[in-house]
Amino acid sequence: MTGFRSLRSGLRSLRPASFGAEPTGERLARIHRSPNFADGRFTNPVGARVGPLGSKVEFAKTYFRKEERIRRAPSGNVPVHPTTLADLARPPASGLRLTWMGHSSVLAEIDGRRVLFDPVWGERCSPFAFAGPRRLHPAPVPLTALGPVDAVVISHDHYDHLDLPTIKALADTDTVFAVPLGVGAHLEHWGVAPDRLRELDWHERTEISGLSLTATPARHFCGRGLRNEQHTLWASWVVAGDEHRVYHSGDTGYFPGFGDIGAEHGPFDATMIQIGAYSEYWPDIHMTPEEGVQAHLDLQGGRPHGALLPIHWGTFNLAPHPWAEPGEWTRYAAEQAGQRVASPRPGEPFEPSGELPGEAWWRPVSAPIAQPWRLRSEAEDVAVAATRGGLDLARER
């Protein structure tokens, strides 16, 4: 038994720092007490298949086919907005300003406070510096040029949301980290002081610098190491100041809980909703743009309200869909719903209550997109019209 312990200890010493650390002690005990933990793992609010559906061979063919890979990347340089310190130093006139830094990273300035969601400034979202998905555009502004941040909010511990180089850089600042239950083990392992951690289960709330932060449910999964035992929770987040409130979805499949979150915490001045990296191979854990728009409406009580900022797209190649498809599909779905949607370049600040950035900046650097959702919508319209025509004819008879 002593030899087995020595072997396990030796293997742990070989574990890459990027894998983080497994929860232990009181943190692990708290995980085991969570109402969202059962049968040795955190569970979803509704059932979710985590692994790819269907044939893995067919998925591999699709993912690695040369013409498909070309469509999944921009054909030119992504137009990044040259954010400056002056841009960020001026207080927002309305009290609320959002700056999408790419993927799911957003700087939210709320009623005089600054919150950084899922900051990823690393070159790759991977445990290794030499392999894995590489950035498709540079970070709009150096992390050191952001200025003071009151809170860093992490949605879950996947590499495209929890980035070791970024956390290490922020560990030397005075910021406070709000993370889902279990994720604090990673941050402590990387040098974040325990007294700067606020580790929450779903529906738990903390206050940081006068802001209220609440961890809310999401439909996803977690894990960074090889075994992926799901001892870390995933979450969406509600952040509220004196005058404004925002919602960040993290990664999630669509589920009825959005309406519940909106009823308890909404409506929101702005939502940041995952609309990229979706696939028919994993429909339960990532939303399509159409589902993302519906999630926003659910959060707003079932009606268009506030501003929708699409996130989780444009920066990394993580799914089989064309690179620019999330941008196009979100615009279409939002137009159909009568919902205001922001389309900022990475690094372009905007105030949700004002005029939203709306240029389709991705079109000059992307291949044409088939837009099958338009064809489907037109076919549905024809079917509805035909049904109505039949009903009218029946009434006449």
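For clarity, every value in this text was computed on a predicted model and none was experimentally measured.

Draft legend 1. Inspection of the confidence of the model for the protein at higher detail. Taken as a whole, the protein shows an average pLDDT of 89; of its residues, 87% reach a score of 70 or greater. Taken as a whole, residues 1–11 scores under 50 in pLDDT and shows 0 contacts with residues more than four places along the chain or in a different chain. Contacts for the low-pLDDT stretch residues 390–397, under 50 throughout, to residues beyond four places or in other chains number 0 contacts.

Draft legend 2. Main features of unusual backbone geometry. Look at the link from Gly-266 to Pro-267: it is a cis peptide, with omega at -5°. Positive phi values are uncommon outside glycine, yet Asp-118 reaches one of about 40°. Inspection of the secondary structure assignment puts Asp-118 in the loop between β5 (113–117) and β6 (151–153).

Draft legend 3. Quick peek at the environment of Ala-17. Here Ala-17 is to be found in the loop between α1 (2–13) and α2 (25–33). Measuring from C-alpha to C-alpha, the distance between Ala-17 and His-186 comes to 9.1 Å, with 169 residues separating the pair along the chain. Setting aside residues no more than four positions away along its own chain, Ala-17 makes contact with Leu-164, His-189 and Trp-190.

Draft legend 4. Representation of empty space enclosed by the protein. One pass over the full model with this rule turns up 2 cavities of 30 Å³ or more. Each pocket or cavity is described by its volume, and for the largest cavity that value is around 110 Å³. In terms of lining residues, the largest cavity is bounded by 15 residues, among which Ala-277, Phe-316, Asn-317, Leu-318 and His-321 are the most central. Residues that form the lining of the largest cavity fall into these classes: 8 nonpolar, 6 polar and 1 charged. In this structure, the second largest cavity spans a volume of roughly 70 Å³. If you go around the second largest cavity, you meet 13 residues; those closest to its centre are Pro-310, Trp-313, Ala-342, Ser-343 and Trp-362. Elements represented by at least two residues in the lining of the second largest cavity include exactly β14 (307–311) and α10 (325–337). Per-element accounting of the lining of the second largest cavity gives the leading share, 4 residues, to α10. Looking at side-chain class alone, the lining of the second largest cavity contains 9 nonpolar, 3 polar and 1 charged residues.

Draft legend 5. How the structure looks around the sheet that holds strand β15 (residues 349–350). Sheet architecture is open: 7 strands sit in the order β8-β7-β6-β5-β4-β3-β15, paired in mixed fashion. On the outer flanks of this sheet lie β8 (197–200) and β15, each paired with one strand and no other. Summarising the sheet, strand β3 (residues 96–102) and β15 pair through 2 bridges and their orientation is antiparallel. Counted as the bridge partner of Thr-99 is Pro-349 from β15.

Draft legend 6. A look at the packing of aromatic side chains. Per the counting criterion, the structure on display carries 16 aromatic pairs. Plain terms: the ring middles of Phe-37 and Phe-42 are 5.2 Å apart, the flat faces sit at 80° to each other, and that makes the pair edge-to-face. Residue Phe-42 is classed as buried on the basis of its relative accessible area, which comes to 1%. Ring pairing ties together the aromatic residues Trp-100, Trp-313, Trp-323, Trp-361 and Trp-362, which thus form one cluster.

Draft legend 7. Looking closely at the sheet that holds strand β9 (residues 205–208). Reading across the sheet, the 6 strands line up as β9-β10-β11-β12-β13-β14 and stay open at both edges, with mixed pairing between neighbours. Looking at strand neighbours, the two that pair on one side only are β9 and β14, the edges of this open sheet. For this sheet the average axis-to-axis angle between neighbouring strands, irrespective of direction, equals 20°. Packing against the sheet, helix α9 (residues 289–299) makes contact with β12 (245–248), β13 (270–274) and β14, and its axis sits at approximately 145° to β13.

Definitions and cut-offs
- Residues numbered from 1 in each chain as written.
- Predicted model: local features only at pLDDT ≥ 70, side-chain atom pairs only at ≥ 80, totals over all residues.
- Heavy atoms only, no water.
- pLDDT = per-residue confidence, 0-100.
- Contact = heavy atoms within 4.5 Å.
- Helix = DSSP H or I, 4+ residues; strand = E, 2+ residues; numbered from the N terminus.
- 1 Å grid on protein atoms, 1.4 Å probe; cavity = no way out; pocket = protein on both sides within 12 Å on 5 of 7 lines; lining within 4 Å.
- Points joined across faces, edges and corners; volume = space filled by probe spheres on them.
- Nonpolar A, V, L, I, M, F, W, Y, C, P; charged D, E, K, R; others polar.
- Pairing = 2+ DSSP bridges.
- Phe/Tyr/Trp six-rings, centres within 6.5 Å; stacked < 30°, edge-to-face > 60°.
- Buried < 20%, exposed > 50% of the residue type's maximum accessible area, 1.4 Å probe, protein only.
- Axes fitted to C-alpha atoms, helices over the stretch in contact; angles between N-to-C directions.

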